[in-house]
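# Overview (structure and organization)
These are the residues of each chain, in order.
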Amino acid sequence: MCSKFIKLILQLPSFFEIALPSEEEPNIFRVDIAPQSIACPNCQGRTVCHDRALRRFRHGCAWHIGVLWIELFVPRQRCKNCGFTFTFDYGLGLVHSSTESFRREITKRCHGRSIADVARDYALPYTTVERLNAGFTRMHPNN
Ligand SMILES: [Zn+2]
C-alpha cells in the first residue's frame with residue numbers, strides 16, 4: 001500500500017504524514033504532523049507547545065484487518081497572551097481513544113442493526129460500541 005492510498009482510506013488532513021504500519025502491528029498508522037501555529041481558542045493569541053503525549057486512537061475499519069488506529073503526538077498548548085492551556089486535536093474530535101469520524105462510522109453501522117452485531121464485525125467489546133453509539137447520539141441529537 002502506498003501512503004497516498006492510505007491517506008485516502010483514512011481521510012486525514014493533508015498536512016498529516018502517515019507512515020507505513022509495521023509488520024507486528026499492521027493496523028496502527030503512525031502520523032507525523034509538522035509544527036504549525038495554533039491560535040488560542042480564547043483570544044486568538046499565539047500559543048506554544050508545553051507538553052505532548054503519544055496516543056493511539058481508533059479511526060477507521062478495514063475488512064480482514066479490523067479497527068485501524070492512528071498514533072500521534074497530541075500537543076498541550078499554552079497561550080502566551082492569556083495563559084489559557086488546552087489540548088489541540090487538529091479537528092479530529094479526539095475523545096477517549098477514538099476520533100469523531102470513527103464514532104460517526106460506528107453510529108452509522110448501528111442503524112437498524114444490533115450493537116452485538118456491530119461489535120462482532122469490528123471485534124470491539126459490546127460496551128465500547130454501546131458507549132460510542134450513546135456518546136455520539138448525545139453530542140449530536142439531530143443525527
Ligand atoms: Zn489566549
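Being a predicted model, the structure only gives us computed values, none of them experimental.

### Considering the domain arrangement of the chain
For the chain, the assigned domains are domain 1 (1-92) and domain 2 (95-143). Between domain 1 and domain 2, the C-alpha centre-to-centre distance is 21 Å. Tallying the contact residues gives 11 residues for domain 1 and 11 residues for domain 2. Where domain 1 abuts domain 2, roughly 990 Å² becomes buried across the two surfaces, and 57% of that area is made up of carbon and sulfur atoms. Of all residues in domain 1, Arg58, His59 and Cys61 give up the largest surface area on contact with domain 2, accounting jointly for 53% of the area buried on that side. In this structure, the connection of domain 1 to domain 2 is made through 0 salt bridges. The interface formed by domain 1 and domain 2 contains 5 residue pairs in polar contact (both at pLDDT 80 or more). If you list the elements that add at least two residues to the side of domain 1 that touches domain 2, you get β3 (47-62) and β4 (66-79).

Cut-offs and rules
Residues numbered from 1 in each chain as written. Predicted model: local features only at pLDDT ≥ 70, side-chain atom pairs only at ≥ 80, totals over all residues. Heavy atoms only, no water. Domains from an automatic or database assignment. Contact = heavy atoms within 4.5 Å. Buried area = accessible area lost by both parts, 1.4 Å probe. Salt bridge = Lys/Arg side-chain N within 4 Å of Asp/Glu carboxyl O. Polar contact = N/O pair within 3.5 Å; in protein donor to acceptor, adjacent residues only side chain to side chain. Helix = DSSP H or I, 4+ residues; strand = E, 2+ residues; numbered from the N terminus.

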